[in-house]
Amino acid sequence: MQYHVCLDPGHGPGCANRSPDGSFEEQAFAMDMAQRIARLLRAQGVMVTMTRSASEYPSLQKRCQIANGIPKLSLFVSLHSNAAGGAGWNEAHGHMLLTSAPGEKAERNRAAGAILAEWKKLGIPLRPNPLRHQGFAVLRDTIAAAVLLEHGFHTNREEVAMLKDSDFRAKLAEADARGILAYLGFPCALGQEADRARVALRFGLQEETLDYLEAYPFGKELLHKLAEGR
Ligand SMILES: [Zn+2]
């Protein structure tokens, strides 16, 4: 079975969506996340198509057309960070997922649920009711199951500091990829490196401490248990 995932880095160059201090651009973040997730998926043999390159800013219709032009597309994932209304910094924070409509058994919500489960395992901060529904064009007009990820708020000072951190992005991208792979039916495909990343984030451990832990008899098994939250 050849799986094919379409990643949609939100917005594009020139888009005004950014942190109030101008240090974070949503479109550049979305592209960075898409590239990270694409690498992880391709390493597992999943085909990945992007709706845009770093220099493009396609319309929402164009993004849907690209997705709908892929035969037997397994999943469409749109990547974003969120913003609270009004100017300046805001308290609103936490990650959330959107699909076009409810229905627990619908493929879109099964995919969203799989990604959400990985976010929870990693201890990613979530909004209340983290899975929501909205008729956005890229969710409504794509034929394949479609999910939109709002990776925190770039209008929250603390959250944007996390989103700007390359280590955090690596872990976040990995959680997204793990969720996508779990939805596609790949069991625990990212292996031991993923266990290390999850344990590091959950317990705030340094690389050195992880090396130490891993060197113990049964250290790898212990890491896996900690990563799984057991
Ligand atoms: Zn956006």
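What you are looking at is a predicted structure, and each value in this text was computed from that prediction instead of being measured.

Novice: Break down the overall build of the protein for me, with residues and values.
Specialist: Scanning the protein from terminus to terminus reveals nine helices and six strands. Relative to its 230 residues, the protein shows a buried fraction of 50%. Pairs at least 24 apart in sequence give 75% of the contacts found in the protein among residues at least 6 apart. Element-wise, carbon and sulfur atoms account for 52% of the exposed surface of the protein, whose accessible area totals about 10900 Å². Across the protein, the 27 positively charged side chains and the 26 negatively charged ones have centroids separated by 5 Å.

Novice: Help me get a handle on the coordination of the zinc ion, residues and values and all.
Specialist: Around the zinc ion, the protein contributes the donor atoms H11 (NE2), E26 (OE) and H80 (ND1), which lie 2.0 to 2.2 Å from the metal centre. Coordination of the zinc ion draws on donor residues from a single chain, spaced H-x14-E-x53-H in sequence. Here E26 is found in helix α1 (residues 26-43), whereas its partner H80 is found in strand β3 (residues 75-82), with 54 residues between them in sequence. Here H80 falls in the buried class, since its relative accessible area comes to 10%.

Novice: Go over the domain arrangement of the protein, please, and point to the residues and values.
Specialist: Segmentation of the protein into domains returns domain 1 (4-184) and domain 2 (192-227). In this structure, domain 1 and domain 2 have C-alpha centres spaced 27 Å apart. The partner domain 2 presents eight residues to the eight residues of domain 1 that form the contact. Taken together, both faces of the contact between domain 1 and domain 2 bury some 730 Å²; the carbon and sulfur share is 56%.

Novice: Kindly report on the pattern of salt bridges, identifying the contributing residues and their values.
Specialist: Any two side chains of opposite charge can pair, given that their charged atoms come close. Evaluation of the coordinates by the stated rule reveals seven salt bridges. The partner of R110 in a salt bridge is E107, and the shortest N-O contact between them spans 2.9 Å. Pair noted here: R110 and E107 are both in helix α3 (residues 107-122), with a separation of three residues, about one helical turn. According to the relative accessible area criterion, E107 is partly exposed, its value standing at 39%. The salt bridge involving K121 is made with E118; its shortest N-O contact spans 3.2 Å. Note that K121 and E118 are positioned in helix α3 at a spacing of three residues, about one turn of the helix. Looking at E118, the relative accessible area reads 7%, which means it is buried. Within this structure, D32, R36 and R169 form a network of salt bridges that share partners.

Novice: Talk me through the packing of α1 against helix α6 (residues 166-184); I want residue IDs and the actual numbers.
Specialist: With their axes 9 Å apart at the nearest point, α1 and α6 run at an angle of 55° to one another. As the angle between them shows, α1 and α6 are arranged oblique. The hand of the α1/α6 crossing is right-handed. Here F29, D32, M33, R36, I37, L40 and L41 of α1 lie close against α6, whose contacting residues are S166, R169, A170, L172, A173, E174, D176, A177, I180 and L181. Taken together, the residues of the contact of α1 with α6 sort by class into 11 nonpolar, one polar and five charged.

Novice: How would you summarise the nonpolar core if you had to cite specific residues and measurements?
Specialist: Core analysis: the largest hydrophobic core is formed by 40 residues, its most contacted members being I37, L41, L75, W119 and I180. Counting only elements with at least two residues in this core, the list comes to β1 (4-9), α1, β3, α3, β6 (146-153), α5 (157-164) and α6. The leading source of residues in this core is α6, at nine residues. Those residues within four positions of W119 in sequence are excluded, and the remaining contacts are H95, M96, L97, I124, L126, L149, E150, H151, L172, A175 and D176. Of all hydrophobic cores here, the second largest spans 13 residues; its members include I70, L73, L98 and A146.

Novice: Residue-level account of the sheet that holds strand β4 (residues 95-99), with values.
Specialist: With mixed pairing, the six strands of this open sheet are ordered in space as β2-β1-β3-β6-β4-β5. For this open sheet the edge positions go to β2 (47-50) and β5 (126-133), each flanked by a neighbour on one side alone. Within the sheet, the average angular offset between the axes of one strand and its neighbour, ignoring direction, is 20°. The pairing of β1 with β3 spans five bridges and is parallel. Residue pairing across strands places C6 opposite F76, the latter belonging to β3. Packing of α6 onto the sheet brings it into contact with β1, β3, β4 and β6, and relative to β3 it is tilted by some 150°.

So, how was this worked out
Residues numbered from 1 in each chain as written. Predicted model: local features only at pLDDT ≥ 70, side-chain atom pairs only at ≥ 80, totals over all residues. Heavy atoms only, no water. Helix = DSSP H or I, 4+ residues; strand = E, 2+ residues; numbered from the N terminus. Buried < 20%, exposed > 50% of the residue type's maximum accessible area, 1.4 Å probe, protein only. Contact = heavy atoms within 4.5 Å. Areas by Shrake-Rupley, 256 points an atom, 1.4 Å probe, with all protein chains shown as cover. Lys, Arg positive; Asp, Glu negative; His and termini not counted. Charge placed at Lys NZ, Arg CZ, Asp CG, Glu CD. Donors = N, O, S within 2.8 Å, 3.2 Å for Na, K, Ca; no water. Domains from an automatic or database assignment. Buried area = accessible area lost by both parts, 1.4 Å probe. Salt bridge = Lys/Arg side-chain N within 4 Å of Asp/Glu carboxyl O. Axes fitted to C-alpha atoms, helices over the stretch in contact; angles between N-to-C directions. Parallel < 35°, antiparallel > 145°, perpendicular 65-115°, else oblique. Left-handed = near helix turned anticlockwise from the far one by under 90°. Nonpolar A, V, L, I, M, F, W, Y, C, P; charged D, E, K, R; others polar. Core = buried A, V, L, I, M, F, W, Y, C linked by side-chain atoms within 4.5 Å. Pairing = 2+ DSSP bridges.

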